Amino acid sequence: MIKSEDMNKKNYMYLYCVNCEEEGIYFIDDMEQDCFIKCNNCSKEIADVWCEDCGMGGPFVENLENKPHSWKCPDCNRGYSLSDDFYSNPFTLYRGNQVPKEIIESIDKRFKKKKKGLFGLLKRK
Ligand SMILES: [Zn+2]
Ligand SMILES: [Zn+2]
């Protein structure tokens, strides 16, 4: 089941879970936000963070299991810090087949212009 607070969010992102070997979907309001995400299938924790210099997002936080409070962009080496509550409210990664197409379509319809590209690899602005 998709949490109702997730269904009301403005955007969604595709994210690959290496444990499930499958692409899932998580819901987000502010696409420039760094996200700590938990797979609802296998409980794997994933950080999806964004380097504004490179215009690139990805799972760049090293040693995530130690819950570090900073990370470095693998591309430009810029350092970023993560807020204290970064880990406290994980986003839920749903498996693709758990997300009804209607939800995706209704978000597309409501917020089409703000949608970011697949995998967070495209520019968010
Ligand atoms: Zn998983
Ligand atoms: Zn960078």
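See the structure above.
Rules used throughout
- Each chain carries its own residue numbering, running from 1 in the direction its sequence is written.
- By the order in which they are written, chains take letters starting at A while ligands take numbers starting at 1.
- Since the coordinates come from a predicted model, pLDDT governs what is reported: local features require at least 70, and pairs of side-chain atoms require 80 or more to be given and counted, while whole-chain, interface and lining totals use all residues.
- Only DSSP runs of H or I with at least four residues qualify as helices, and only runs of E with at least two residues qualify as strands; both kinds are numbered from the N terminus onward.
- Buried Ala, Val, Leu, Ile, Met, Phe, Trp, Tyr and Cys residues form a nonpolar core when they are connected through C-beta atoms within 7 Å.
- A residue is called partly exposed when the number of other C-beta atoms within 10 Å of its own lies between 12 and 20, exposed at 12 or fewer, and buried at 20 or more, with C-beta atoms placed from the backbone.
- We call two residues in contact if the C-beta atoms placed from their backbones are at most 7 Å apart.
- Only strands joined by at least two bridges in the DSSP assignment are considered to pair.
- The angle between two axes is taken between their N-to-C directions and runs from 0 to 180 degrees, where each axis is a line fitted to C-alpha atoms and a helix contributes only its stretch in contact.

**As for the environment of Ser88**
Piece 1. Mapped onto the fold, Ser88 is located in the loop between strand 7 (79–81) and strand 8 (91–95).
Piece 2. C-alpha separation for the pair Ser88 and Phe36, spaced 52 residues apart in sequence, amounts to 8.6 Å.

**Remarks on the nonpolar core**
Piece 1. Residues Leu15, Tyr26, Ile37, Ala47 and Leu93 are the most contacted members of the largest nonpolar core, which totals 18 residues.
Piece 2. When residues in this core are grouped by element, the largest group, 4 residues, is from strand 3 (residues 35–39).
Piece 3. Residues contacting Leu93, with those up to four places away along its chain left out, are Leu15, Cys17, Gly24, Tyr26, Ile37, Lys38, Cys39, Asn40 and Ile46.

**A look at the sheet that holds strand 5 (residues 56–58)**
Each strand in a sheet pairs with its neighbour through backbone hydrogen bonds, running either in the same direction (parallel) or in the opposite one (antiparallel).
Piece 1. Reading across the sheet, the 6 strands line up as 1-2-8-3-4-5 and stay open at both edges, with mixed pairing between neighbours. On the outer flanks of this sheet lie strand 1 (11–17) and strand 5, each paired with one strand and no other. Looking at each pair of strands side by side, their axes are set apart by 30° on average, direction ignored.
Piece 2. Pairing of strand 3 with strand 4 (residues 45–51), which is carried by 4 bridges, proceeds in the antiparallel orientation. Looking at the pairing, Lys38 lines up with Glu45 of strand 4.

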